[in-house]
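Geometric and topological summary
Listed here are the chains, written in short residue letters.
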Amino acid sequence: MISICIPIYNFNVINLVNELSNQASQLEVPSEIILIDDCSKNDFKKINENVCKKKVYIQLEKNIGRAAIRNRFLEYANYQNLLFLDCDAIINSPNFLSNYVEELKQHPNQLICGGRIYPKTPPKQDEMLRWKYGILKESKPVEIRSQHPNKSFMTNNFVINKAVFEVLKFDERLIGYGHEDTLFGFELKKRNISIKHIDNPVLNGDLESNETYLAETEKAIDNLIRILKFTNHDKGFIQDVELLRVYYKFYSLKTIVKAVFIMSKSLIKYSLTKGYINLYLFDFYKLGTLAIKMDAKS
């Protein structure tokens, strides 16, 4: 009934696979665990090998990226429902898999998102940016996520019907980090494919350093600009993405925004990397970065 699909990249998945294996063994429906390693470093391959080789385990010789690797699971999945989990997920409910199975019994072929939560205890200062952004922006209760189901779509914890996924895959033109889930959620919306949000979250088990997360944010903005070109600057897509919506709302002030950002970028970056987190400053950092990159790519 359910194929559990876990793309791996430079992460220890032993605990995740063991927990899922234990829960799967107690299900009354057939299941399988499929792991595809996207050309991780050898150290991680050695760590994961013993637990992974007991499952369906594929090691890629070349990194293909976050979008393409998810599509690759179609080649190996035997069941009609695919549960995608990020490799850094921590399962903190003994009923995690059974919750999905019960939902699928009641709502066959439904696309379901379980959600994401973060540790309640603040991390060290060097990881504060990712934690605070996750707590305030991503870790939303099911009632809030359900208000805008497609905009709340995330790839870290969701179930999709295999037949639907064969038609609507992740866009493999997005090779780098970021926004493959944003585009996928938008494509679901265009096709009137509904998303059901439930209270079945995973815990985010890997907080990037402030510096790393800022670098990844800039990469994600590059992908966002690529998507704009793919969609021919679709107005619906722009309205769905807060950063783009704000950018075009204040487009006439773009020159001023860029000038202020260029003067203040070093100070903002210093504050964020040192863990003095103000999400309004982080939003302005993204807006200024987008304005500069849009001009550079025009």
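The structure displayed is predicted, hence computed values, not measured ones.

**Topic: the nonpolar core**
- Within the largest apolar cluster, 32 residues are counted, with the highest numbers of intra-cluster contacts made by Ile-6, Leu-20, Leu-83, Leu-85 and Phe-96.
- Of all the elements in the fold, those that place two or more residues in this core are strand S1 (2-8), helix H1 (14-25), strand S2 (31-37), helix H2 (42-52), strand S4 (81-85) and helix H4 (96-106).
- In terms of residue count, the dominant contributor to this core is H4 (5 residues).
- Beyond its immediate chain neighbours, meaning those up to four positions away, Leu-20 contacts Ile-4, Ile-6, Ile-33, Leu-85, Ile-91, Phe-96 and Leu-97.

**Describing the pattern of salt bridges**
- All chains considered together, the criterion is met by 16 salt bridges.
- A salt bridge links Lys-293 to Asp-222; the nearest nitrogen and oxygen atoms lie 3.1 Å apart. Of this pair, Lys-293 sits in helix H13 (residues 279-297) while Asp-222 sits in helix H9 (residues 210-230), and the two are 71 residues apart along the sequence.
- Lys-293 sits in the buried class, given a relative accessible area of 18%.

**Notes on the packing of H9 against helix H11 (residues 242-249)**
- Contact pair H9 / H11: the axes reach a minimum separation of 11 Å and the direction vectors enclose 70 degrees. With respect to their mutual orientation, H9 and H11 come out roughly perpendicular. Across the interface between the two elements, Ile-221, Leu-224 and Leu-228 from H9 touch Leu-243, Leu-244 and Tyr-248 from H11.

**Let's talk about the environment of Ser-40**
- Note on placement: Ser-40 falls in the loop between S2 and H2.
- Ser-40 sits 32 residues away from Ile-8 along the chain, and the two C-alpha atoms are 7.4 Å apart.
- When sequence neighbours within four positions are dropped, the list of residues in contact with Ser-40 reads Ile-8, Tyr-9, Asn-10 and Lys-45.

**A word on the packing of helix H5 (residues 128-138) against H9**
- Interhelical geometry of H5 versus H9 gives an angle of 60 degrees and a closest axis separation of 7 Å. Our classification of the angle between H5 and H9 gives oblique. Within the contact between the two elements, H5 uses Met-128, Leu-129, Arg-130 and Tyr-133 and H9 uses Asn-210, Tyr-213 and Leu-214.
- For the contact of H5 with H9, a count of residues per class yields 5 nonpolar, 1 polar and 1 charged.

**Concerning the packing of aromatic side chains**
- The full count for this structure, using the stated rule, is 20 aromatic pairs.
- Measuring from centroid to centroid gives 5.3 Å for Phe-186 and Phe-237, while their planes differ by 70 degrees, and the two rings are edge-to-face. With Phe-186 in helix H8 (residues 180-190) and Phe-237 in helix H10 (residues 235-240), the pair connects residues that are 51 residues apart, well separated along the chain.
- Between the aromatic rings of Tyr-213 and Phe-282, the centroid separation amounts to 5.9 Å while the plane-to-plane angle is 40 degrees, which identifies the pairing as tilted. A residue pair is termed long-range when its members are at least 10 positions apart, and Tyr-213 in helix H9 and Phe-282 in helix H13 qualify at 69 residues. Of the two residues, Tyr-213 and Phe-282, neither departs from the other in class, the shared state being buried.
- Positioned above the aromatic ring of Phe-230 is the side chain of Arg-173, whose terminal nitrogen or guanidinium carbon lies 3.8 Å from the ring centre.

**Some details on the pairing of S2**
- Within S2, 6 of the 7 residues are buried, which leaves the element mostly enclosed by the surrounding structure.
- Two strands pair when backbone bridges link them, and S1 and S2 are joined in this way by 7 bridges, in the parallel orientation. Bridged to Ile-8 within S2 is Asp-37.
- Where S2 lies against strand S3 (residues 56-59), 4 bridges are found, and the strand directions are parallel. Counterpart to Asp-37 in the pairing with S3 is Gln-59.
- Handedness of the S2-H2-S3 crossover: right-handed.

**Points about the sheet that holds strand S8 (residues 157-161)**
- Read from one edge of the open sheet, 7 strands run S3-S2-S1-S4-S8-S6-S9, paired in mixed fashion. At either margin of the open sheet sits one strand with a lone partner, and together these are S3 and strand S9 (195-197). Neighbouring strand axes in the sheet, compared pairwise and without regard to direction, differ in orientation by 20 degrees on average.
- With 2 bridges connecting them, strand S6 (residues 111-113) and S8 associate as antiparallel partners. Pairing of Ile-112 across the sheet is with Val-159, part of S8.
- Against the sheet, H2 touches S1, S2 and S3, its axis set at about 155 degrees to S3.

**As for a nonpolar patch on the surface**
- On the surface, a nonpolar cluster with roughly 490 Å² of combined accessible area is contributed by Phe-250, Leu-253, Ile-256, Val-260 and Met-263.
- Relative to the elements of secondary structure, Ile-256 occurs in helix H12 (residues 254-273).

**As for H9**
- Between its terminal C-alpha atoms H9 stretches 30 Å, which fits the 30 Å expected from 21 residues at 1.5 Å a residue.
- Once H9 finishes, Asn-232 follows within two positions and takes phi at roughly 55 degrees, a positive value.

Cut-off values and rules
Throughout this description, residue numbers start from 1 for each chain and increase along the sequence as written. Residues qualify for local features only when their pLDDT is at least 70, as the model is predicted, and side-chain atom pairs are given and counted only at 80 or more; totals for whole chains, interfaces and linings, by contrast, use all residues. Derived side-chain values reflect all non-hydrogen atoms in the structure, with water molecules and hydrogen atoms excluded from consideration. The criterion is simple. A nonpolar core is a set of buried Ala, Val, Leu, Ile, Met, Phe, Trp, Tyr and Cys residues joined through side-chain atoms within 4.5 Å. Think of it in three bands: with a 1.4 Å probe and only protein chains considered, a residue is buried below 20% of the maximum accessible area for its type, exposed above 50%, and partly exposed in between. Helix and strand labels come from DSSP, where a helix needs a run of H or I of at least four residues and a strand needs a run of E of at least two; each type is numbered from the N terminus. The contact criterion used throughout is that any non-hydrogen atoms of two residues lie within 4.5 Å. Whenever Lys or Arg places a side-chain nitrogen within 4 Å of a carboxyl oxygen from Asp or Glu, that contact is recorded as a salt bridge. All axes here are fitted lines through C-alpha atoms, helices being fitted over the stretch that makes contact, and every angle between N-to-C directions spans 0 to 180 degrees. Under this scheme an angle from 65 to 115 degrees is roughly perpendicular, one under 35 degrees roughly parallel, and one over 145 degrees roughly antiparallel; angles in between are oblique. Side-chain classes are defined by residue name, with Ala, Val, Leu, Ile, Met, Phe, Trp, Tyr, Cys and Pro counting as nonpolar, Asp, Glu, Lys and Arg as charged, and the others, Gly among them, as polar. Think of it this way: a Phe, Tyr or Trp ring, Trp meaning its six-membered ring, pairs with another when their centres are within 6.5 Å, and the plane angle makes it stacked under 30 degrees, edge-to-face over 60, tilted otherwise. A ring is scored as having a charge over it whenever the NZ atom of a lysine or the CZ atom of an arginine sits within 6 Å of its centre and within 35 degrees of its normal. Paired strands are those between which DSSP finds at least two bridges. Note on handedness: a clockwise path from strand one over the helix to strand two, with the strands aimed away from the viewer, defines a right-handed crossover. In this scheme, patches are assembled from residues that exceed 30% relative accessible area and form no salt bridge. Like charges are connected within 9 Å, while nonpolar side chains (Val, Leu, Ile, Met, Phe, Trp, Tyr) are connected within 5 Å. Under the convention used here, a 1.4 Å probe and the Shrake-Rupley method define accessible areas, while residue burial counts only the protein chains that appear. The span one expects for a helix is its residue count, reduced by one, times 1.5 Å.

Take it as geometry only, folks, not as evidence of what the structure does.
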